[in-house]
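# Summary of the model geometry
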Amino acid sequence: MRDRLDSVEARYNQLSELLSDAEVLSDPNKLRTYSKEHSDLAPIYEEFMVYKGVLAEIDEAKEILENESDEELRQMAKAELKDQEEQKEVIEEKLQMLLVPKDPNDERNVIIEVRGAAGGDEANIFAGDLYRMYVKYAESQGYKVEPLDMNESEAGGFAQVSFLVKGKGAYSKLKFESGSHRVQRVPATESQGRIHTSTATVLVMPEVDDSIEIEIKDNDIKVDVYRSGGAGGQSVNTTDSAVRITHLATGLVVTCQDGRSQHENKDQAMKVLKAKLYDLQLQEQQAKAAAERQSKLGSGDRSEKIRTYNYPQNRVTDHRIGFTLQQLDRVMEGKLDDIIDALQGQELKEKLTNNA
């Protein structure tokens, strides 16, 4: 650990010098990159400086015990040594956690896509329930939610809905939601009171900004425009403002119709397409990592059932970590903190184990 901390100190000091260099100050891209790295390293550097101070106090106390004959001074040195040794253990634990590799996307905004899957109308209704759950959670965190595309179902809910969640750390909290969500309940359309099982899929993608290079050439995509429609295909617009973009190489299709103009819808659709292409890159990286080590938080397979929502028993279970809450009613109102905290805790535990 000490070698890594020495490297952090050297890099932090180097960045401090670079940030006062005239050439860097005149280059917005370099300034932004170095400033972010400097800011990211600051908590580790500052804690390391405290740690070095504690080590110096320990050495001083030990020297007194080795060379001092005055009993009163020796007793004071013993007490000081005990205190500093305890402080050293606390700081080492903090430093170990600070040195855990961070997901570079954790601070990003996220694009979330929820789709009704198995279960027909009930699956679409459940997709709508999940959408409202995420919106309420986002609002409780002080995040801003912007709808991107909504394909409403005649029976209620959505066949597909995508939206942007804007706020620092949004991805760090919501990234675990990707996967298949299963609901067990009696549908409103069920006349004999039988419990049905339906699923909806959730895809969480970090928003792509200018710091990530995702090149999309005009000849890489096919753009179609059409008239926006509501549930059942009812026209809600009198102009061809809805946009569908097909990425020819991957077959990815993105639609957007909730903007006020064709231009706005195209911009939003391109934003989603870039996020999906970036997400494909992340999946490839995760697949390579998973080949070496199976993640405790699941295989990363988007079809994997990650969570069950059991309405009759007011129970929600996250299968990846075996975490169960008998508070489904609160969870569906956006009270996701307990589940997300448990998932983040498991992720940290796994990283600490692999970083040891």
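Each remark here, short or long, concerns the structure printed above.
This write-up is about the structure you can find in this document. Everything numeric in this text was worked out from a predicted model, so none of it was measured.

### Here we look at the overall build of the chain
When you go through the chain residue by residue, the secondary structure sums to nine helices and 11 strands. In terms of overall size, the chain is more extended than a compact globule, its C-alpha atoms giving a radius of gyration of 26 Å where 356 residues would be expected to give roughly 21 Å. Here the chain holds 356 residues, and the buried ones make up 40% of them. Put simply, 62% of the contacts in the chain that link residues at least 6 apart link residues at least 24 apart.

### Thoughts on the environment of Val208
Among the structural elements, Val208 can be located in the loop between β5 (196-206) and β6 (221-226). The exposure class assigned to Val208 is buried, which follows from its relative accessible area of 13%. A C-alpha to C-alpha distance of 15 Å links Val208 and Leu148, two positions 60 residues apart in sequence. Residue contacts for Val208: discarding those within four places in its chain leaves Ile214, Lys274, Ala275 and Tyr278.

### A word on a negative patch on the surface
On the surface, Glu57, Asp59, Glu60, Glu63 and Glu66 cluster together to form a negatively charged patch. Residue placement: Glu63 occurs in helix α3 (residues 28-67).

Reading the values: the criteria
Residues numbered from 1 in each chain as written. Predicted model: local features only at pLDDT ≥ 70, side-chain atom pairs only at ≥ 80, totals over all residues. Heavy atoms only, no water. Helix = DSSP H or I, 4+ residues; strand = E, 2+ residues; numbered from the N terminus. Rg over C-alpha atoms; globule rule 2.2 N^0.38 Å. Buried < 20%, exposed > 50% of the residue type's maximum accessible area, 1.4 Å probe, protein only. Contact = heavy atoms within 4.5 Å. Patch = residues over 30% accessible without salt bridge, like charges linked within 9 Å, V, L, I, M, F, W, Y side chains within 5 Å. Areas by Shrake-Rupley, 256 points an atom, 1.4 Å probe, with all protein chains shown as cover. Salt bridge = Lys/Arg side-chain N within 4 Å of Asp/Glu carboxyl O. Lys, Arg positive; Asp, Glu negative; His and termini not counted. Charge placed at Lys NZ, Arg CZ, Asp CG, Glu CD.

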